[in-house]
Amino acid sequence: MSTSRLRLCLLSLALSVGGCAAIEGEPWELSRKGSYGWINRAGIYEDYGVDTRIRFDTNNGPVDEKFHTDLIGRFGFVTGAEYFVADDVSIIGGIDYRKFDSEDTDGFDYDTIETLGGFVGMRWILPYYWVEQGRLRPFVQGSFGYWPTTRFDFDFDLDAPGVEDPELHFRGDEYVFFAASTGLLYQINRNLVFELSALYEWPLIATRDKDVELDLGLPSVPVIPIDTELEPEGLIVLFGLIWYF
């Protein structure tokens, strides 16, 4: 994701730290059992990609190919809720929207990829307290994500003069992943916490469309169904604010 978002994150952190007054009451009362909050995060960096497998039949036999495509994050936003089931241990859930472009891949030209899904996980705020009043604390988190579908269009480069490149439509089924995360929480005041986190995602169930149709637009060539399977994986860095009630 863009360096401007990284600068915004660092600026937000600097302003938060520089403008903090003393916390009323005991620091981190907000992470005791029964507390709850509202989470908002934005993506600032990613090292993310997708492994693609395509299978189809030809007159010369079946084709089964795999390739990797790097994704470029354009926008990502997470909103959700957190509830502490024990002191410093919480359940987190919410929705996650992402927008990606892709690096060039031989033979394929992708449109923008957009996804919307949900997640649920558990966070443990570790028993370490740093800086003034112990405002800064590390955490670890594990979560599962669920995307009901993944939809995008892409062109197949035929590299054939006089023949228009066909457009294909991917309408994938459900996709499930596991994410491990770690980061830092900085308590700004009694109710507000700044969060900086990094997570890595692994696919558990790939998204698949068995009927991506390759239509060359030639009467002599039938429409070819392509079984297409995607497995996204990679690193994402986010920053955000949590308001505890």
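Our subject in this report is the structure included herewith. Please read all numbers here as calculations on a predicted model, not as lab measurements.

Reading the values: rules and limits
Each chain carries its own residue numbering, running from 1 in the written order of its sequence. Whole-chain, interface and lining totals are the exception, using all residues; otherwise, since this is a predicted model, local features are given only for residues with pLDDT of at least 70 and side-chain atom pairs are given and counted only at 80 or more. Where side-chain values are given, they derive from all heavy atoms of the structure, hydrogens and water being excluded. Under the scheme used here, helices are H or I runs from DSSP no shorter than 4 residues and strands are E runs no shorter than 2 residues, and both carry numbers assigned from the N terminus. Contacts: residue pairs with any heavy atoms within 4.5 Å of one another. In short, Shrake-Rupley with a 1.4 Å probe defines the accessible areas, and a residue's cover is counted only from the protein chains shown. Salt bridge, as used here, is a side-chain nitrogen of Lys or Arg placed within 4 Å of a carboxyl oxygen of Asp or Glu. Residue burial is assigned from relative accessible area. The probe radius is 1.4 Å, only protein chains are included, and a residue is buried under 20% of its type maximum, exposed over 50%, and partly exposed in between. N or O atoms closer than or at 3.5 Å make up a polar contact, with two conditions inside protein: a donor-capable atom paired with an acceptor-capable one, and, for residues adjacent in sequence, both atoms drawn from side chains. Residues enter patches when they are more than 30% accessible in relative terms and free of salt bridges; like-charged ones are connected within 9 Å and nonpolar ones (Val, Leu, Ile, Met, Phe, Trp, Tyr) within 5 Å. Any two of the Phe, Tyr and Trp rings considered here, Trp counted by its six-membered ring, make a pair once their centres fall within 6.5 Å; the pair's planes then place it as stacked at under 30 degrees, edge-to-face at over 60, or tilted in between. Whether a charge sits over a ring depends on NZ of Lys or CZ of Arg being within 6 Å of the ring centre and within 35 degrees of the ring normal. For our purposes a nonpolar core is just a set of buried Ala, Val, Leu, Ile, Met, Phe, Trp, Tyr and Cys residues, chained together by side-chain atoms within 4.5 Å. A residue counts as positive if it is Lys or Arg and as negative if it is Asp or Glu; His and the chain ends are not included. The location of each charge is read from NZ of Lys, CZ of Arg, CG of Asp or CD of Glu.

1. Here we look at the overall build of the protein chain
Assigned secondary structure in the protein chain consists of one helix and 12 strands. The secondary structure elements of the protein chain, listed N-terminal to C-terminal, are α-β-β-β-β-β-β-β-β-β-β-β-β. Relative to all contacts within the protein chain whose residues are 6 or more apart in sequence, the contacts with residues 24 or more apart total 69%. For the protein chain, the exposed area adds up to about 13000 Å²; of that, 57% sits on carbon and sulfur atoms.

2. Concerning the environment of Phe177
When you line up the elements, Phe177 lands in strand E9 (residues 175–187). It is 4.9 Å that separates the C-alpha atoms of Phe177 and Leu204, two residues lying 27 residues apart in sequence. Not counting the four nearest positions on each side in its chain, Phe177 is found in contact with Arg98, Ser143, Phe144, Gly145, Trp147, Glu201, Trp202, Pro203 and Leu204.

3. Digging into the pattern of salt bridges
Enumeration according to the criterion identifies 13 salt bridges in this entry. Residues Glu82 and Arg123 are paired through a salt bridge, measuring 3.1 Å at the closest nitrogen-oxygen approach. Of this pair, Glu82 sits in strand E2 (residues 61–86) while Arg123 sits in strand E5 (residues 113–125), and the two are 41 residues apart along the sequence. No difference in accessibility class separates Glu82 from Arg123, as the two residues are buried.

4. Topic: the side chain of Gln187
Position of Gln187 among the secondary structure elements: in strand E9. A polar side-chain atom of Gln187 sits 2.9 Å from the main-chain amide nitrogen of Trp28.

5. Things to note about a nonpolar patch on the surface
A cluster of nonpolar side chains, Tyr36, Trp38, Tyr83, Val85, Ile91, Val120, Met122, Phe144, Leu204, Ile205, Trp243 and Phe245, forms an exposed patch at the surface whose accessible area comes to about 1200 Å². Among the secondary structure elements, those contributing two or more residues to the nonpolar patch are strand E1 (36–58), E2, E5 and strand E10 (192–205). Mapping Met122 onto the fold places it in strand E5. Look at Met122 and you get partly exposed, because its relative accessible area is 45%.

6. With respect to the environment of Leu168
Following the sequence through the fold, Leu168 ends up in strand E8 (residues 167–172). Separated by 14 residues in the primary sequence, Leu168 and Phe154 have C-alpha atoms spaced 5.4 Å apart.

7. Observations regarding the packing of aromatic side chains
Applying the stated rule across the entire model yields 14 aromatic pairs. A ring pair is formed by Phe84 and Tyr244, whose centres lie 6.1 Å apart and whose planes are at 45°; its orientation type is tilted. Here Phe84, found in strand E2, pairs with Tyr244, found in strand E12 (residues 224–244); they are 160 residues apart in sequence, far enough to count as distant. Using a relative accessible area of 0% as the deciding quantity, one classes Phe84 as buried. Among the residues examined, Tyr244 registers a relative accessible area of 1% and is labelled buried. Each member of the aromatic cluster is reached from another via a ring pair, and the members are Phe144, Phe178, Tyr200 and Trp202. It is Arg123 that lies over the ring of Phe139; its NZ or CZ is 4.6 Å from the centre. A cation over a ring is seen here: Arg137 above Trp28, with NZ or CZ 5.2 Å from the ring centre.

8. Describing the nonpolar core
By size, the foremost hydrophobic cluster in this structure holds 39 residues, and its most contacted members are Phe152, Phe154, Leu185, Val193 and Ile226. The element best represented in this core is E12, accounting for seven residues. Those residues in contact with Ile226 that lie beyond four places of it in its chain are Ile54, Arg55, Phe56, Leu168, Asp209, Lys210, Asp211, Val212 and Leu214. Grouped together as the second largest cluster of nonpolar side chains are nine residues, Ile44, Tyr186, Leu192 and Phe239 included.

9. Quick notes on a negative patch on the surface
Among the surface-exposed residues, Asp109, Asp111, Asp157, Glu164, Asp165 and Glu167 lie close enough to one another that they form a single negatively charged patch. Structurally, the position occupied by Asp157 is in the loop between strand E7 (150–156) and E8.

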